[in-house]
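Next come the chains, spelled out residue by residue.
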Amino acid sequence: MRRTRLRLALFALPALVGGVLMAAASPVPVGAVPAGTGGPTDTRGSHPDEPDHVDHVRIQLTGADMLDKVVAAGFDLEHGLTRVPDGIEGEAAVTAEERAALEAMGVRILADDEGFEWSDEADGGLPAVAARTLAAAGEDNAVRIARADWFTTKGQGFLYVEARTTQGQQTTPIVGMQVENDTGKGTEFGFARTMSRFVDSGQYMFHRNLFKLDTRPDQIRVTSSTGGVVTGPVSNWLEDGAPPLTANPGYRSDFVDGYQHPQQLFARAKEIAREYPQIAEIVYLPHRTNGYQRKAQATIGGTGQSAVVVSTAAWGHEGGNDVTVEFAHRSGENLPLTVEVTGTAVRVLLGTDATGAAASTAAEVAQALRTRSQGLIDRAHPYRSNAGTGVVAATTGPVALTDFLDQKRVGAPEGEVPRGPATIPVLRIGKHRDGRNPGVLIQAQDHAREWVPPTTTLETAERLVHNYRTDKETKKIVDNTDVFLILSNNPDGANYSFYNFASQRRNMTNHCADDNADPARRNAWGVDLNRNYRVGSGHDGYAGGSTSCVSDTFQGPEKLSEPESKNVIWLVETYSNIKFMMSVHSNGGQLFWQPGAYIANGRITTPRPPLGDEAFYWQSAARILSQVKAHRQTVVTPQNVGGSSDVLYSSAGNVREDLYHTYGIYSFGWEVGGSIYNPATGNWQGGSFQPPWVGNPELVSGHAETMEYANGIMEMFRIAADWGKDKKKPTSTLVPGGGRYAGPVDVRFETSEPATIYYTTDGSRPTLDSPRYQATEFREPGQVFRVTETTTFHWFSVDTAGNVEKGYDPTKNDKRNNFRKATVTITR
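Residues numbered from 1 in each chain as written. Predicted model: local features only at pLDDT ≥ 70, side-chain atom pairs only at ≥ 80, totals over all residues. Heavy atoms only, no water.

Q: Could you give an account of the overall build of the protein chain, naming the residues involved and the relevant values?
A: When its secondary structure is counted, the protein chain shows 13 helices and 41 strands. Against the globule reference of 28 Å for 828 residues, the protein chain gives a C-alpha radius of gyration of 30 Å, in line with a compact fold. Viewed in the frame of its principal axes, the protein chain has a C-alpha envelope of about 110 × 70 × 55 Å. When each of the 828 residues of the protein chain is scored for burial, the buried share is 60%. Considering only residue pairs separated by 6 or more positions, the protein chain has 74% of its internal contacts joining residues 24 or more positions apart. When the accessible area of the protein chain is evaluated, it comes to approximately 30,300 Å², of which 50% is carbon and sulfur surface. Where the 81 positive side-chain charges of the protein chain centre and where its 95 negative ones centre are 6 Å apart. (Helix = DSSP H or I, 4+ residues; strand = E, 2+ residues; numbered from the N terminus. Rg over C-alpha atoms; globule rule 2.2 N^0.38 Å. Buried < 20%, exposed > 50% of the residue type's maximum accessible area, 1.4 Å probe, protein only. Contact = heavy atoms within 4.5 Å. Areas by Shrake-Rupley, 256 points an atom, 1.4 Å probe, with all protein chains shown as cover. Lys, Arg positive; Asp, Glu negative; His and termini not counted. Charge placed at Lys NZ, Arg CZ, Asp CG, Glu CD.)

Given below as structure tokens:
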């Protein structure tokens with residue numbers, strides 16, 4: 001079904017950039033996005049140094065393969081992506097030239113009134129005659145229900161269903177599926193709905209559906225067009241969460257009163273450490289950023305073959321902005337090309353031919369500037385891919401070079417941004433900061449334009465220190481965890497977003513060669529820090545990172561090329577007690593973990609977590625997201641939770657992958673914001689990277705997002721505290737258990753809590769090298785064993801805190817052999 005989409009402009013700016021209560025910085029007004037800053041009204045003048053006009057459009061791609069190609073080509077499609085039955089929908093920030101290029105690649109530009117929406121109507125499901133005809137040939141076990149989740153938001157009930165058919169990869173014909181629900185325990189199935197088939201990178205994933213219901217069903221029935229039928233129970237999603245800490249009597253919250261630029265964030269972090277030295281301190285990261293700084297530049301002579309792009313050796317603020325370049329014509333025949341330098345003024349005396357006409361080409365002038373400017377100019381070259389064969393014309397006078405950083409967008413905060421490299425402070429909070437407690441790392445603002453994650457992270461810091469002495473639950477957190485808060489991991493890019501170009505995503509490091517180094521490209525430079533890590537990297541062939549230096553997912557010239565990513569690795573290696581990590585982003589409304597990347601050909605993912613870790617992730621997600629919901633009924637839907645490459649897309653070289661697989665850290669990625677159900681319209685309404693700070697408190701509001709997602713981070717601290725105190729050994733059983741059976745029987749393992757099971761069936765003692773009990777498929781429970789002959793199972797379980805069932809030691813030849821045992825005897 002197509003619908004009218006209610007949404008904000010992608011980069012709509014807020015009304016305020018503010019301070020935090022008790023902070024030194026006071027609120028700073030921010031106006032609308034001006035022309036030339038990259039916001040919705042971005043324009044480009046006729047000057048070649050001005051960036052191109054950028055529009056924000058809705059697009060539809062055919063699938064992940066097209067997404068990979070489009071992103072690799074340098075297009076900014078990183079957020080707001082939604083899986084739909086016929087592909088992927090999203091938003092793109094594009095110039096007119098780029099829009100044409102997208103359409104040439106087969107991308108469809110959607111009108112404002114277009115966009116997929118799940119149908120709320122029961123459409124009758126599969127054609128009844130076809131279903132009956134095929135049923136005789138089908139197998140009842142060909143269909144499995146992965147999820148059937150009931151949730152409510154703002155007074156409306158919803159049911160989300162995922163199911164698989166073993167014939168799902170089949171394409172001739174494509175296998176269809178339908179779902180029916182009852183209306184309560186003991187009632188009949190009805191209301192058949194066709195399920196959508198989800199295919200990613202050529203691989204069948206599952207069928208799914210999301211629809212409104214006014215009454216909670218007890219059971220669902222899923223039928224495939226090949227005759228498979230299965231029934232299963234409906235579970236609650238975020239319906240049973242505990243009250244948030246904010247409900248505690250006397251609990252203090254709502255400290256942050258506006259968006260914060262890095263200087264405000266870092267100043268407040270240092271203030272907190274000074275004010276609460278008994279529980280807080282600053283850890284300074286060792287690798288300084290490459291800096292909020294640019295070389296001074298100009299493109300002289302238009303954009304044709306006669307154009308020359310000039311860049312200073314010095315940074316703009318260190319003298320580059322004082323440099324001028326002039327091209328001068330002289331009268332006379334056969335005059336050589338020469339360069340004069342007086343102070344910071346560079347004067348190029350153009351050569352002439354035998355007739356006295358100008359004869360110096362752009363390539364020749366560029367060469368002369370590089371070699372004869374007495375070190376003032378270190379890059380000079382023809383414009384982009386030009387060969388520079390055109391004859392250079394004289395300028396009307398000296399051309400002043402500039403780093404363009406003084407060209408602030410309308411409504412930028414007052415004051416100057418500190419130039420040069422920055423040292424990032426980490427705010428560390430905990431009563432015992434000596435490694436005894438589990439560490440939790442919260443990393444905000446890898447992506448510069450995401451303004452809500454830093455305020456969310458700062459709000460959690462304020463809650464911890466202000467409630468420590470008065471709220472017992474907060475005291476438990478501070479006494480039993482070691483919290484590390486990176487309020488902005490990308491201060492250079494964040495400053496550029498606040499002051500110059502609101503849509504900036506990456507850091508400010510320019511790795512581009514001459515063909516992309518002219519100043520009109522300045523808003524497209526930088527490295528995507530969340531593509532710069534080592535595991536599942538684009539450098540190793542994983543999808544989702546770009547080799548183009550002007551792509552918003554540019555992965556950098558090599559792994560860990562950027563100081564910001566090196567800092568994170570340094571932090572977790574220095575403080576080895578860090579066991580939990582959350583990288584906070586916006587604005588997708590998702591919570592995810594591993595796997596986060598795959599090789600597109602064959603959809604080969606990075607290793608999936610063991611079933612016990614996967615169960616722990618889901619358990620933690622339910623706790624975290626229940627706290628988010630408690631603030632204003634915002635629901636992160638089940639389809640947006642899980643392995644990020646399964647629910648979103650492949651993001652090669654992301655930080656979560658590296659920290660989990662290299663260091664064993666439970667690493668979440670969080671997209672705050674996203675779609676919120678609007679009961680007035682009956683639709684889900686999208687958000688933006690920089691929503692109005694106040695806005696509509698029940699819908700799109702930076703303040704509301706900050707408060708609700710701070711609830712979630714606080715719950716993550718409680719999860720870590722519980723994990724650190726967990727000394728209870730898990731238990732596990734074989735279901736239906738050992739015993740005598742007249743024929744083949746299906747068995748499976750169950751555990752008392754999230755735990756990984758290691759087992760053998762050959763009579764040997766199980767060890768950590770034994771087979772590991774796995775999921776039937778991703779996003780499904782554990783596998784089912786079909787036992788056809790007498791088999792003895794030996795096994796033990798290990799929970800996520802490292803507790804081993806019955807105290808068994810799998811690393812030694814434990815003579816007690818106190819692992820679990822069960823024999824399934826098949827009598828015939």
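Still more to cover.
Q: Kindly report on the packing of helix H10 (residues 611–632) against helix H13 (residues 702–725), identifying the contributing residues and their values.
A: Close contact between H10 and H13 brings their axes to 8 Å; oriented N to C, the two are set at 145°. For H10 against H13, the interelement crossing comes out right-handed. Residues belonging to the contact of H10 with H13 are distributed by class as follows: 9 nonpolar, 5 polar and 7 charged. (Axes fitted to C-alpha atoms, helices over the stretch in contact; angles between N-to-C directions. Left-handed = near helix turned anticlockwise from the far one by under 90°. Nonpolar A, V, L, I, M, F, W, Y, C, P; charged D, E, K, R; others polar.)

Q: Can you explain the sheet that holds strand S19 (residues 324–328)? Please cite residues and give values.
A: In spatial order, the strands read S20-S21-S19-S23; together these 4 strands make up an open sheet with mixed pairing. Each of the sheet's edge strands pairs with one partner strand only, and the pair in question is strand S20 (338–342) and strand S23 (399–400). Sheet contacts for helix H5 (residues 362–372): S19, S20 and strand S21 (345–349); angle to S20, the most-contacted strand, approximately 40°. (Pairing = 2+ DSSP bridges.)

Q: Before we move on, could you go through the environment of Lys 270 and cite the residues and values that matter?
A: For Lys 270, the position within the fold is in helix H4 (residues 262–275). The class for Lys 270 is partly exposed, based on a relative accessible area of 31%.

Q: Which residues make up the side chain of Gln 443, and what values do they have?
A: Inspection of the secondary structure assignment puts Gln 443 in strand S25 (residues 439–444). At 2.8 Å, the side chain of Gln 443 and the side chain of Ser 583 are in polar contact. For Gln 443, the contacting residues outside a window of four places in its chain are Ile 486, Asn 489, Tyr 533, Val 568, Met 581, Met 582, Ser 583, Val 584 and Val 655. (Polar contact = N/O pair within 3.5 Å; in protein donor to acceptor, adjacent residues only side chain to side chain.)

Q: How would you explain the nonpolar core if you had to name every residue and give the values?
A: Among the nonpolar cores identified, the biggest contains 101 residues, and Leu 427, Ile 429, Leu 441, Leu 571, Met 582, Trp 670 and Phe 717 are the most heavily contacted of them. The element that contributes the greatest number of residues to this core is H13, accounting for 8 residues. Not counting chain neighbours up to four residues away, the residues in contact with Leu 571 comprise Val 283, Leu 285, Val 426, Leu 441, Phe 484, Ile 486 and Ile 578. With 24 residues, the next largest nonpolar core counts Ala 296, Val 310, Val 325 and Ala 362 among its residues. (Core = buried A, V, L, I, M, F, W, Y, C linked by side-chain atoms within 4.5 Å.)

Q: Got a sec to walk through the pairing of strand S24 (residues 425–429)? Specific residues and values, please.
A: Along S24, 5 of the 5 residues are buried, which leaves the element largely enclosed by surrounding structure. Neither face of S24 is left uncovered, since the one carrying Pro 425, Leu 427 and Ile 429 and the one carrying Val 426 and Arg 428 both have all their residues buried. Pairing of strand S16 (residues 280–284) with S24 involves 5 bridges; the strand directions are antiparallel. Bridged to Ile 282 within S24 is Leu 427.

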